[in-house]
Amino acid sequence: MGNSYAGQLKTTRFEEVLHNSIEASLRSNNLVPRPIFSQLYLEAEQQLSSLEAGSRADNEEEEEEEEEEGSESSSPPISYQMKPPPEGCCTTDGFCQAGKDLRLVSISNEHIEVPSGFLLVGAKSPNLPDHLLVCAVDKRFLPDDNGRNALLGFSGNCVGCGKKGFCYFTEFSNHINLKLATQPKKQKHLKYYLVRNAQGALTKGSVICWKGAEFRSRQSSSSTCSSTLFQLPESSGPSGSLSNESLPAANPNAPAGTQQTAAATDHIPPTAAFSSAVYNGKESPKQQLVKNNLSGLTRPSVLGTLTNSGPPKKRHKGWSPESPSSTETWNLQLNPQVPNRIKNDGGSLSSLPHSALVGPASSPMVGSGEPVSVPDNLLKICKAKPVIFKGHGNFPYLCGNLNDVIVSPLLYTCYRNSQSLSRAYEQYGASTIQPISEEMQLLLTVYYLVQLASDQVPLIEDLEQIFMRSWRESHLSEIRQYQQAIPQTFSPVPSQISPVTSAQLPWLAGLAASSCNDSVHIIECSYSLAEGLSEMFKLLIEGKLIKTNYVVIICASRNRAIDSCIVITGKYQARVLSESMLSPSDYQKEVNYQLVTGKVETLGSFFSTLCPEGDIDFLLEKFYQENQGHISSSLSASVNKPTMLNGTGAAVCTSYDIERHQIRPFQLAVAQKLLSHICSIADSSTQNLDLGSFEKIDFLICVPPSEVTYQQTLFHLWHSGILLELGLEKEHLTKQRVEQYVMKLDVEAQIKFKVFLQNSMQNPHTLFVLIHDHAHWDLMSAMHSLYPQTELSTGLVDRLLNCREVKEAPNIVTLHVTSFPYALQTQHTHISPYNEIHWPSSYSNGVDLYNENKKYFGLSEFIESTLSGHSIPLLRYDSSFEAMVMALGKRFPRLHSAVIRTFVLIQHYSAAMMAVCGLSQMKNYTSVETLEITQNLINSSRQCPSGHGLMVVLRIPCTPLAAVAYERLYNVRERLALEDNFEIILGNPNSGITIGKRFVEQLKVWQKIEDVDWRPQTYLELEGLPCILIFSGMDPQGESLPRSLRYCDLRLINSSSLVRTTLEQELGLAAYFVSSEIHAEKAVVNDVLESDPEKLSSTDNEDEEIATEAGSTSEKRSPMKRERSRSHDSASSSLSSKASITAFCSESSPALITTGDTTKSSHQVLSSSAEETTNNFERQKQKVDKGAQTMISKHLPPVSEQLDTKQNIKSTQISITSSSSSPFSSSSSSSASTHNSFILQTSQCSMTKTSKQPPIVFLPKLVYDIITSTDSNGLPKSSSLLPYHSVMWASSFRPLMSKMMTCTEQSLYYRQWTVPKPIHMDYNNRNESRMDTFHPRRLLLSGPPQQNIGSGNKEKSQHHLTSCLWTISIFSMNHHWFADHNLKTTAVIGKTGAYLQFLSILSRMLIRLTEVDVYDEEEININVKEESDKYYHQPGDAWPDLETFKKIPFDYTIHDPKYEDASLICTKLQTINSEDRSMSRRQEDMYTRRQTTRMRLSKYAAYNTYHHCEQCHQYMGFNPRYQLYESTLHAFAFSYSMLGEEIQLHFIIPKSKEHHFVFSQPGRQLESMRLPLVTDKSEDYIKSPTFTPTTGRHEHGLFNLYHAMDGASHLHVLVVKEYEMAIYKKYWPNHIMLVLPSIFNSAGVGAAHFLIKELSYHNLELERNRQEELGIKPQDIWPFIVISDDSCVMWNAVEVDCSGDRKSDYTWTERNVSLKQILQHIEATPNVTHYALIGMRKWASKTNSAEIKEPFSCCHVHDFVMLNVDLTQNVQYNQNRFTCDDVDFNLRVHSAGLLICQFNHFSVMKKQIAVGGQRSFHVKSKVSDTPVSISPAQYICAPDSKHTFLAAPAQLLLEKYLQYHSHRFFPLSLKNYNHPVLSVDCYLNLGPQIAVCYVSSRPHSLNISSSGLTFSGLLLYLCDSFVVASFLKKFHFLKGATLCVICQDRNSLRQTVVRLELEDEWQFRLRDEFQTANAKEDRPLFFLTGRHI
């Protein structure tokens, strides 16, 4: 790889050894010094052994020193005899020979002058162990922090006497009186750096890291870029310290030595290339690859890192102290053509399309045999530097003219990695399957090279895949066997392919190469590679390898393994490869050097000789003088020629308008996906994000340090309105305020970021979103920042976004946003794959998912346009430009191709501008493509009355070249008087936009801007401005381009060092939204029209030839060879030219180019070699012709238009292929014109046309080939490139990407197969065998896929119920302000708008999280309430008076709004109009949304499982600091006579709640639940156990009562069904659960209430018995329990102020209070145990003041009740009920004479929960599983009928049927409220139009007086023995009244009729018997109806 030290070391190795030998002989007593050549050849072997020793004793200093000694010199240990000091000098220890004190303690405060480039270090004297001697040493001879890169030798000064220039450490040690007994070595005696402390005193600093010193010094100091073998920290291996012991030399006897030679670029920047497309080699292998199989190699694996490619041991010319540090190693001395190949600089590892680096400078090569001399003048003779790739075995020394060759270990690395099987194949028993043999590797390499075309460069990744496929195919049988059985059961199966032997290899290779026309030349050696290399050099010098691109040298013998190397001799291939070895930083320096030193002047002088008429500058000046004032006036006249006037007479454009900002559907979809992922993080059990604790949103957007991107983001932020919406800013925004939310990642970023961190710490209840836009930019590790002096922003992202404060802050969420996420998808990424959000696919199976009127036109669509069936492709390359560049490359081999390409393109643009302005002869000196661009640019503004024009982006990455181009084009434009026609803008990322005043004024007019000081700050604001934008900077940094972009000229991008990200980023500049109404075909037809017509019909002599160099063959390249059309039927065929006359040049265009010019033959500018290219363009021509014809036929008019179809096709085809500016002439077909009107609007604003179609992109030929070629899977080759500079492939043995991969699968592929290099910020994010390397609050939003690998985004998104709650309400709002302009760049596909929209909906969601929908309904049946002026209590009474309360009559009427559809309960006191109660809701409206209101959650709310906060972590049992709560299952049994069996319940009791229970001592059996005493009083304790029955609401039930209880201790029991036990336990691990028996799995809420009450009473009895033994009276045990619904969310209390003058005056306020306060207040009620039921109001916003005036009511209580289980012992809930069971129970309690008290000053809010509860019961057919709607009318049937049975409980069917169809049983009762239905012992809902009267049959029960009441019906439901005939005969019924008797079976039905003597008064018919529609095994209920006689 050439000499890293710029020509200084032509014979350095020999000189060094010679010097060592002489020096040793002078010091030695031995007369015979060691031979020089023995040292030269044997030293490497000794180094290797010393390295092995060193790796075993890394931490022992003594052994290190021995290692260093052994490695520094190959001579044996020699006793050291110190040279006697001069007479009279000082010999005192600690003083120099001049007598000056050097001890640190003595001179620490003295001022010491240190020359530039020198450092003060401390030396240790053996005689003064406690002192350090101060020395000044040149820092280049000291190691860096990693112990590497110290130059050999020494240079130092004495700080005592000031003597300078000590060149030998021996001499220096004598001068400072070290008095050593051994040979002086700087490694031993220079120990510490010296630094000044805060007081300015010199003190001992850090230890000088001499570890592995000699090993270090033998490396290329210029390149610490990793070798593919040793992974050095700065280099790009996954490990900085890969052990060397895995690389033993298997043949220690073979002569071995270090490769002094290849020096320089043995360290090629990690992405250096094996090919112009080389994108993949490996910078350094994975550790396991080295560990696995390298130990078995049969020869010295590699000693490349031992190569001494550094500067000479002593000082040489050119090594001035001012030269850059060894870490950069850029050197321009002597021969700048061979710069030091600097180490990988992180973000910019150059390489061709290949992932690997060409190799570390320390190449893994072992020099052996006699040296090979590189001929002088090799570069001058061959016009290229041959690139030598070391293959297998030993490699000889090179000496002589080392500057003219480059040596690379890349191929060696590829071979070695391909023999190290990946872990992915270890499952196949890979240890027993042999890797591919070396012979086969070499043979496959030859096969691969043979099939490469002359303009192709080999790709290492292609070679790796070839090896991979070959290995798999040859071992297919073994792999299958290992897949089917245990590997040990099979012995290795021999390969089916017979192996290639070393003897066969040369013959087979020669045979393969025989068919390639000498493109590959095979040289066979008999002894060593040296003879083959010598022969190759000889052939090169003799010119016999002119046609040869690759020379394969093979040395094979039977006795030893093969040696091989491959030499790239093709001029094109060698140039591409050598340039690819430069890092981007190197590339810029090299170009800048060539510009500064004037080396490009030869190129300029050559250009001046091309034009026969003279130098271009001369022609320009002449043109300017002749036409001064004429051209400009004519042009401006044509520009300003108005075609339409507004009211003031000014020209206006009617067809162009700026689109309104609006949110696009896919942006909303992305925002929703982001929100969903945020919710999933919050929902997870890891407690990493507590959304419930945040009240607002704040954010900071980080953008790259591009001024345009910064201003662009400010623009979006300003216009989005997000700052006002989030409440971050007030109405009157200023730009300074907006700037606080956008941070440019430059040197000033740290200040703004520090403020952001401080805000996040000071506002823990604000969620801060840190948005990292363009996140693939600057992924450099802060620890490995290579250029801290020059690039201060390098590594800034790592320092800021990965700092500890950001990682640990619980209120910071980081969102990385990029269209190129690959570098963030490695094995060490911080981002979980579950936190990736991919841009949604717009289409799925042809269906538009988002109803989007714009279609994204990205890289895939550009590639598709190049395929057959399309017209002129949108991706193109310029063949004539490429030909000229290639020819000039041969002529000027020392100039970088970027310089050549830039100067050629500037020349082309200059000539094109001159040609358009009338210098027609100049069109022969430009290309067709450039002429098309220029002409359309200059003429575009003429098409629009307002002067709108096109933008041309000229991409020049290298900033110095961009400045040159700008200056040159600016000058040409001025000379041609075009300064008013179009602008030239130099776009530098570090500066703003500068344009002329005239154009600023024009933009202000177009955009209606009145601000006098306005200047465009973003490229978007250049909309419609005709201009050339010279876009500089190594990478685009997120700048957006306007819709007026028409041409994207990428011909100058650095095509030799592309990776996937770089490539897609460059092409992303042209990505664009096109209107979906305009079909692709139409857009492409427009391309035909806007392209050069002559490109379609061009001549054969388009490019002429000129002799450029002696002996060069004349070659032709035609971009498109086409027959000129002979037809002149087209009316507008008169305008034709070499350049394109496009649709922009309408018939009104002045003929700037005369028609006569078109027949001139163009002089071929330069020769080129490309018959294949001509053929390629012939194929393109056929595609275009075919595509155009196909397209036109698609848009033909219908047959009814009376046109001959064939003639129409013919004429339109002719008009297209002829040189016509009007493609479809009127003589062709008026109908065709009508149907293709989009083409014929030639007078339309050209910018408007441009905005409707994608831009045309011009690429370098090399890049074009990469993009348009496909791999074996059919994928574009670019998708298999290394994804990013700072990552590398984990293994060569990796599968290809699949064509059907989704974005998610692509991410997983990169996560598995890529690892970050040490320079990558994720490199240290490793934690073996653990998954906590992912940061929990970090997300990645990746933009649209640049290449549609899959057919769509198939990944399943995680839907979280939490986010679903807000979807409807949040996303229903319309927004207009987030969308980006209709932009033409990938960076603004809409990501900015999407994440701003995300912030908006996240903010609304947080507000929504703090709010809840509660039912807000007024009480019902107020009109039937007894109005009374009597009030029993005063409004301010806190508790009811027992005696007073007993006087309050019970209000039978139901007032709860949820029972609006329930039957009214009547008493004799009520008189109800039949009009009062009508069917308030139709049946189908039953489930309509009830009235709710949104309330802000108070601090006393109950929460569901989504709430997490620090306070209730322990309560919930999810706190990761605590061990997951353990629970135990306890059985609890009691007998109940009514059920006729023992009831067995199960308690799940967490360990933390066991103190609430009593367990038996021996067996820990559950005995009872502890109950407090009535007399107990405690502020922090709730006495009443709370039971909450629940079903289907494990996530949404409000069971977290921690905040509601205000932290008070309480006992809370969830009552769940058996089948739901597991899911409830999972969500609520710290809650006690009461599990109902399995027989109640299908029961309703009545069963739960029944069991709660019975269990509680049984427990009360147990506690009374237990505590009675302790002396406590039974009546003192607390008898109350709380039964609460699972939707009670908050509780309110009314505070009444009775301080008015009169007793009746009072005011009241309602506020939210804790449940603790309410319960403790109720529990403190005097005589509380005398109340059976205590409840409270349901909250409503419109509270009736009458309710407040009477603080206590005796009425129905619901939802939240305190139940006295002692008093209600004999009153049970009905365990069969599903609905109205609380009303039924209230009536039973009242009839038993017990008190029911409602506290009207307390109210409960109930949350609307859309899932679970009663909704969980669905009635469906038992026969079919298909969901069929079944009406309630079908819920009953006649017994023994063939009715379809239903799968639902009989009781549920009964209740639902009676609710909707009871009028069938009770026809007289319908709306007959004065004659209700008599319901005995139960309340069943008969629907709102039927009233019921409840009576109890129990003795001594309280019933209403029925005297005077006549009933319209009688309902007997499951009558018990208390109902007797005499009881029923007390009541009177209307004639015709109906009876309904309901029993469990038919037998009971008959017995009931007989027992109650019903037949005496009621008439029954057989057909009046019914049953619920249940099967027999489901135990249906039976009905019998009758009529009153």
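Residues numbered from 1 in each chain as written. Predicted model: local features only at pLDDT ≥ 70, side-chain atom pairs only at ≥ 80, totals over all residues. Heavy atoms only, no water.

Visitor: Any details on the overall build of the protein chain? Residues and values, ideally.
Guide: Check the secondary structure of the protein chain and you find 55 helices and 53 strands. Of the contacts made within the protein chain by residues no fewer than 6 positions apart, 78% connect residues no fewer than 24 positions apart. Carbon and sulfur atoms form 51% of the exposed surface of the protein chain, whose accessible area is close to 76200 Å². (Helix = DSSP H or I, 4+ residues; strand = E, 2+ residues; numbered from the N terminus. Contact = heavy atoms within 4.5 Å. Areas by Shrake-Rupley, 256 points an atom, 1.4 Å probe, with all protein chains shown as cover.)

Visitor: Requested: an account of the sheet that holds strand β15 (residues 766-773), with residues and values cited.
Guide: On the basis of which strands lie adjacent, the open sheet formed by six strands has the order β14-β13-β15-β16-β30-β17 and parallel pairing. Edge positions in the open sheet fall to β14 (742-744) and β17 (836-838), since each of these has one partner strand only. Going from strand to strand, the sheet's axes swing by 20° on average, the running direction of each strand aside. As paired elements, β17 and strand β30 (residues 1338-1342) share three bridges and run parallel to each other. Of the residues in β30, the one forming a bridge with Glu-836 is Leu-1340. (Pairing = 2+ DSSP bridges. Axes fitted to C-alpha atoms, helices over the stretch in contact; angles between N-to-C directions.)

Visitor: How would you explain the packing of helix α10 (residues 410-418) against helix α12 (residues 460-474) if you had to name every residue and give the values?
Guide: Where α10 contacts α12, the axes come no closer than 10 Å and their chain directions differ by 25°. With respect to α12, the element α10 is oriented roughly parallel. In the crossing of α10 with α12, the sense of the turn from one axis to the other is right-handed. In this structure, α10 contributes Leu-410, Leu-411, Cys-414, Tyr-415 and Ser-418 to the contact, and α12 contributes Ile-460, Leu-463, Glu-464 and Phe-467. (Parallel < 35°, antiparallel > 145°, perpendicular 65-115°, else oblique. Left-handed = near helix turned anticlockwise from the far one by under 90°.)

Visitor: Lay out the environment of Asp-1697 in plain terms, naming residues and giving numbers.
Guide: Tracing the sequence through the fold places Asp-1697 in strand β41 (residues 1688-1697). Counting along the chain gives 261 residues from Asp-1697 to Gly-1436, while the straight-line C-alpha distance between them is 7.0 Å.

Visitor: Tell me what's going on with the nonpolar core, and back it up with residues and numbers.
Guide: Membership of the largest hydrophobic core comes to 168 residues, with the highest contact counts inside it found for Phe-1547, Trp-1691 and Leu-1958. Of the residues forming this core, the biggest block, eight residues, is contributed by helix α49 (residues 1645-1668). Not counting residues up to four positions away in its chain, the partners in contact with Trp-1691 are Tyr-1500, Ala-1502, Ala-1604, Arg-1711, Asn-1712, Val-1713, Leu-1715, Ile-1718, Met-1736, Phe-1760, Ser-1803 and Val-1804. Listed in part, the 148 residues of the second largest apolar core include Cys-611, Leu-954, Val-1000 and Ile-1028. (Core = buried A, V, L, I, M, F, W, Y, C linked by side-chain atoms within 4.5 Å. Buried < 20%, exposed > 50% of the residue type's maximum accessible area, 1.4 Å probe, protein only.)

Visitor: Tell me about the packing of helix α19 (residues 616-627) against helix α32 (residues 959-975), and name the residues and values.
Guide: Packing of α19 against α32 leaves a shortest axis separation of 9 Å and a crossing angle of 30°. Relative to α32, α19 is oriented roughly parallel. Residues Ile-616, Asp-617, Leu-620, Glu-621, Phe-623 and Tyr-624 of α19 lie in contact with α32, whose contacting residues are Arg-968, Val-972, Glu-974 and Arg-975. Each residue belonging to the contact of α19 with α32 can be placed in one class, and the counts come to five nonpolar, no polar and five charged. (Nonpolar A, V, L, I, M, F, W, Y, C, P; charged D, E, K, R; others polar.)

Visitor: Explain the environment of Gly-795 to me, using residue names and the numbers behind them.
Guide: Mapped onto the fold, Gly-795 is located in the loop between β15 and α26 (796-801). Note on Gly-795: relative accessible area 0%, which makes it buried. Note: C-alpha distance between Gly-795 and Ala-782 (13 residues apart in sequence) is 4.4 Å. Not counting residues up to four positions away in its chain, the partners in contact with Gly-795 are Asp-778, Met-780, Ser-781 and Ala-782.

Visitor: Tell me about the packing of aromatic side chains, and name the residues and values.
Guide: Applying the stated criterion to the full structure yields 38 aromatic pairs. With a centroid separation of 5.2 Å and an interplanar angle of 45°, the aromatic rings of Trp-1678 and Phe-1680 are classed as tilted. Exposure remark for Trp-1678: the relative accessible area of 1% places this residue in the buried category. Take Phe-1680: its relative accessible area is 0%, and that puts it in the buried class. Through successive ring pairs, a cluster of aromatic residues spans Phe-1911, Phe-1927, Phe-1931, Phe-1933 and Trp-1962. For the cation-ring pair, Arg-1051 lies above Phe-881, with the distance from its terminal atom to the ring centre recorded as 5.4 Å. A cation over a ring is seen here: Arg-1564 above Phe-1559, with NZ or CZ 4.4 Å from the ring centre. (Phe/Tyr/Trp six-rings, centres within 6.5 Å; stacked < 30°, edge-to-face > 60°. Lys NZ or Arg CZ within 6 Å of the ring centre and 35° of its normal.)

Visitor: Summarise the sheet that holds strand β7 (residues 387-390); cite the residues concerned and give the values.
Guide: Ordered by their spatial adjacency, five strands build an open sheet running β9-β7-β12-β11-β10, and the pairing between neighbours is mixed. Strand pairing shows two members of the sheet lacking a second neighbour, β9 (406-408) and β10 (520-525), which therefore form its edges. Strand-to-strand twist across the sheet, computed as the mean angle between neighbouring axes with direction ignored, equals 20°. As judged from the three bridges shared by β7 and β9, these two strands associate in the parallel manner.

Visitor: I'd like a rundown of unusual backbone geometry, residues and numbers included.
Guide: Positive phi values are uncommon outside glycine, yet Asn-377 reaches one of about 60°. Within the element layout of this structure, Asn-377 appears in the loop between β6 (367-374) and α9 (378-382). Residue classification places Asn-377 among the partly exposed residues on the basis of a relative accessible area of 47%. Phi at Arg-1979 takes a positive value of approximately 55°, unusual for a residue other than glycine. Inspection of the secondary structure assignment puts Arg-1979 in the loop between β52 (1962-1972) and β53 (1982-1988).

Visitor: Give a description of helix α52 (residues 1781-1791) that names residues and reports values.
Guide: Extensive coverage of α52 is indicated by the burial of eleven of its eleven residues. Listing the buried residues of α52 in full gives Asp-1781, Asp-1782, Val-1783, Asp-1784, Phe-1785, Asn-1786, Leu-1787, Arg-1788, Val-1789, His-1790 and Ser-1791. In this structure, the buried residues of α52 make contact with α49, β43 (1731-1738), β45 (1760-1764), β46 (1795-1806) and β49 (1892-1895). Two residues or fewer past α52, Gly-1793 is found with a positive phi of approximately 80°.

Visitor: Lay out the confidence of the model for the protein chain with the relevant residues and their values.
Guide: Residues of the protein chain with pLDDT of at least 70 account for 69%, and the chain-wide mean is 75. Confidence drops under pLDDT 50 across residues 1-12; counting only partners more than four residues distant or on other chains, this segment forms 82 contacts. The model gives residues 786-791 a pLDDT under 50, and that stretch makes nine contacts with residues more than four places away or in other chains. (pLDDT = per-residue confidence, 0-100.)

Visitor: Break down α49 for me, citing the residues and quoting the values.
Guide: With 24 residues, α49 ought to run about 34 Å at 1.5 Å a step, and its terminal C-alpha atoms sit 34 Å apart, in line with that. With 17 of its 24 residues buried, α49 lies for the most part within the structure. (Expected span 1.5 Å × (residues − 1).)

Visitor: I'd love a proper account of the pairing of strand β1 (residues 118-125), names of residues and values included.
Guide: Along β1, six of the eight residues are buried, which leaves the element largely enclosed by surrounding structure. With eight bridges connecting them, β1 and strand β2 (residues 128-138) associate as antiparallel partners. Pairing of Lys-124 across the sheet is with Leu-132, part of β2. Counted along the chain from β1 to the antiparallel partner β2, the turn is two residues long. With three bridges connecting them, β1 and strand β4 (residues 190-196) associate as antiparallel partners. Each residue of the ladder has a partner; that of Ala-123, found in β4, is Leu-190.

Visitor: Outline the state of the cysteines, supporting the account with residue identities and numerical values.
Guide: As used here, a disulfide is simply a covalent bond connecting the sulfur atoms of two cysteines. All told, the structure shown has zero disulfides when counted by the stated rule. The closest cysteine sulfur to the non-disulfide-bonded Cys-1466 is located on Cys-1893, 7.2 Å from its own sulfur. (Disulfide = S-S within 2.5 Å.)

Visitor: Tell me about the pattern of salt bridges, and name the residues and values.
Guide: What the rule picks out here adds up to 60 salt bridges. We note a salt bridge from Glu-805 to Arg-804, for which the minimum N-O separation is 4.0 Å. A relative accessible area of 29% means that Glu-805 is categorised as partly exposed. Under the relative-accessibility criterion, Arg-804 is labelled exposed at 52%. Connected through shared salt-bridge partners, Asp-1456, Lys-1458, Asp-1685, Lys-1738, Asp-1759 and Lys-1806 make up one network. (Salt bridge = Lys/Arg side-chain N within 4 Å of Asp/Glu carboxyl O.)

Visitor: Before we move on, could you go through the environment of Asn-1324 and cite the residues and values that matter?
Guide: Locating Asn-1324 in the fold gives a position in the loop between β29 (1314-1316) and β30. In sequence terms Asn-1324 and Ser-781 are 543 residues apart; their C-alpha atoms lie 9.2 Å from each other.

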